[in-house]
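# Commentary on secondary and tertiary structure
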Amino acid sequence: MRNQSRYLLLITALLAVYYVVCGFYLNHLGYYSQEALFYVEKAKIILDGLGNRLKVMGLTSPILPFYTSFIFSFKNNLLAPVIASSLCTALLFYVLANTLVKRVGDLFYVFVLLIIFLFHPGILYAATSGKSIAMILIFFFLFFFNLLKFYRSNTTFHVSIASICLVILIFCDYKFIWLTLFFIPLVLSITIQSLNLSEQESIFRLFQSFNNPSLRRKLINKTFALYIILFVLPLACVICYKLLNLTHAQDLNYFIESPYATWTVLADKLSFDQLSTSSVYQLPETSILISARILIFCPMMLVAIYLFRDSTYQLLTLITPFAFVEFLHIKYDKVFLVHEYYLIFLVLALLCILYKSQTIKNQAVLKLVVGVLAIVQLYTGFIFLRDSSTQEERKFISVAFNRTPDTQQAQNRQLANYLNNLPADTHILVDDAIAYPIVAFTDNVRKLTLPYQEGVYLSAIEAPDKYDDYILLATEKNEVTGFTQLNNKYIPVIKKANSALRMRRVFETDDWVLYKISDN
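These lines cover the structure that appears in this document, whether it is placed above or below.

Cut-off values and rules
Sequence order as written defines residue numbering, which begins from 1 separately in each chain. The predicted origin of the model limits local features to residues at a pLDDT of at least 70 and limits the giving and counting of side-chain atom pairs to 80 or more, whereas totals for whole chains, interfaces and linings rest on all residues. Remark: hydrogens and water are excluded; side-chain values derive from all non-hydrogen atoms of the structure. Think of it this way: DSSP has to see at least two bridges between two strands before they count as a pair. Strands are runs of DSSP state E lasting at least 2 residues, helices are runs of H or I lasting at least 4, and numbering of each runs from the N terminus. Throughout, a residue-residue contact means that at least one pair of heavy atoms, one from each residue, lies within 4.5 Å. Angles run from 0 to 180 degrees between N-to-C directions of axes, and those axes are lines fitted to C-alpha atoms, restricted for helices to the stretch in contact. The set of buried Ala, Val, Leu, Ile, Met, Phe, Trp, Tyr and Cys residues whose side-chain atoms join them within 4.5 Å is what this entry labels a nonpolar core. The buried label goes to any residue with under 20% of its type's maximum accessible area, the exposed label to any with over 50%, and the partly exposed label to all in between, with areas taken from a 1.4 Å probe on protein chains only. The term polar contact refers here to a pair of N or O atoms within 3.5 Å; inside protein, the definition further demands a hydrogen-donor-capable atom paired with an acceptor-capable atom, and it admits residues adjacent in sequence only when both atoms are side-chain atoms. Any carboxyl oxygen of Asp or Glu that lies within 4 Å of a side-chain nitrogen of Lys or Arg is treated as forming a salt bridge with it.

### Observations regarding the sheet that holds strand β1 (residues 428-429)
Sheets are built from strands that pair by backbone hydrogen bonding, the pairs being arranged parallel or antiparallel. Taken in spatial order, the 5 strands make up an open sheet running β2-β1-β3-β5-β4, and their pairing is mixed. The strands lining the two open edges of the sheet, one partner per strand, are β2 (448-449) and β4 (502-508). The sheet contact formed by β1 and strand β3 (residues 470-474) spans 2 bridges and is parallel. In the sheet register, L429 faces β3, and the bridge partner there is I471. Contacting β1, β3, β4 and β5 (512-518), helix α21 (residues 410-420) crosses the sheet at an angle of about 20 degrees to β5.

Below, the structure is given as structure tokens:
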């Protein structure tokens, strides 16, 4: 066992290096995810900015992936998110493999796991894009793993650990708070199953419990206790964080609704707008097909469902994420489901196999099925990313597999290089609600007057000639120009207020115009 642990650590370390090298190569080809650039920009503000940076430090969302990326920002800001996502993916492999070795002890499944983590396009995307997907997958796995351990041992300690994992999961992606909705009715089923009754069917156990005063009291007390253990901590943490947002930003939902706090506000709108206004219009995924798409993406889930076929409440636990994803599709009807919501089923399927595979007598057939489906999933993972509704995911496949340079950030880098070459005492007015990629590529953030400098920034917008030498405006072609005051409509307004103000174009791209400010 000790030798196996050493080998796993060695494989994990090599896997981390493999991911980091791939991530650096993608950056070299010009591929940067919006989430990674957002983290880079916020890290630069915290490390090198001027003024009060407390709001940036505490209210940037999702906060835990940002802090994980921030740890590696001291050496190289642009590479920090890639390093963080690579290490988190390698850690996910180690957690899965270590659990597999302890519970199953069959190296075949470790080999299948390694193949998936080496070649599955979705896993490679999670590892090399600088996104928070890998961190989400880790705590999604730990949440369900501890629930399954509770089902086996009936020890509430595992529910407490699951609750902590749920808190971390919510602060990695706030949408996972809706997962709790589907566990509210499930807890009753879990409690009924945990009672020592002669009946086996859940409906008869429920009937017997309600007709016996002692059992009814025990059922109510245990159900209530499970609700408290599982849900009170996530609820308390979310309320505290919302109050923190209200205190510092005067808005309870600042961390999920402001483009200054989270990258998802613009990314979701931009993704849908780009697709809905393209020459080939594509509607969001049809709700009834979401679960079918998930099973096509991860057919190994069928094996997972088969393994838990004899336990109704455990089977309902596995189906809960399907209901969760269907709910997300309905609630966020103008946002396409990103790849992480498909990858959670890959992790869930692997969890079920490592947890229950030893209960199958005919291991040869099970291994054959798992091996074949693992190979199939490499192909479906590629297809789903290649045909994704999200441009960022399609770009990843194009860059990673065709080695085609990504030019999406090329003009932003050119503009940032121009700003880098300006004198050190230059001041430039920039709105990082939409210009955060440019700030991320800028060497000296102290040159920039940004919204986190609230008093200075607002004064600079009203009288730019008194505070700044340059001003960066979004052009009419910029797809998110409506999210900033600093756009083509700003010039007539400011010139009406100050007729002596002169603004001269010095640098221009398709999305941006940099003006030199003078008052004579």
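### Some thoughts on the nonpolar core
Counting 111 residues, the largest nonpolar core has I116, F117, F143, F176, M300 and V325 as its most contacted members. Once residues within four sequence positions are removed from consideration, I116 is found in contact with I123, M300, L346, L350, A374 and L378. Core analysis: the second largest hydrophobic core is formed by 39 residues, Y32, I46, L415 and Y452 among them.

### A look at the pairing of β4
Bridge analysis of β4 against β5 gives 6 bridges, and the strand direction is antiparallel. Bridging from a neighbouring strand, F507 pairs with L514 of β5. The turn linking β4 back onto β5 is made up of 3 residues.

### Re the side chain of T481
Structurally, T481 is set in the loop between β3 and α25 (490-497). In this structure T481 touches I434, A474, T475, E476, N487 and N488, once residues within four positions along its chain are discounted.

### As for the environment of K269
Within the fold, K269 resides in helix α14 (residues 264-276). For the pair K269 and F336, spaced 67 residues apart in sequence, the C-alpha separation works out to 9.8 Å.

### A closer look at the side chain of T380
Considering the arrangement of structural elements, one finds T380 in helix α19 (residues 363-386). Under the relative-accessibility criterion, T380 is labelled buried at 9%.

### Some details on the pairing of β5
Within β5, 5 of the 7 residues are buried, which leaves it mostly tucked inside the rest of the structure. Examined bridge by bridge, β3 and β5 share 5 bridges and lie antiparallel to one another. Within β5, the position partnered with Y470 by the bridge is K516.

### Examining the environment of Q314
Checked against the element boundaries, Q314 lands in helix α17 (residues 312-331). For the pair Q314 and Y151, spaced 163 residues apart in sequence, the C-alpha to C-alpha distance is 7.9 Å. What Q314 contacts, discounting residues up to four positions off in sequence, is Y151 and F308.

### Concerning the environment of E326
Relative to the elements of secondary structure, E326 occurs in helix α17. The spatial distance from the C-alpha of E326 to the C-alpha of T68 is 30 Å, given a sequence separation of 258 residues. Within the local environment of E326, its side chain forms a polar contact with the side chain of S291, the two groups lying 2.9 Å apart.

### Comments concerning the pattern of salt bridges
Tallied over the entire structure, the rule returns 9 salt bridges. Among the ionic pairs, E454 bridges to K55, the shortest N-O distance being 2.7 Å. Of the two residues, E454 sits in helix α23 (residues 454-462) while K55 sits in helix α3 (residues 54-59), which places them 399 residues apart along the sequence. On the accessibility criterion, K55 (23% relative accessible area) is partly exposed. Measuring nitrogen to oxygen at the nearest pair gives 3.1 Å for the salt bridge that ties D387 to R386.

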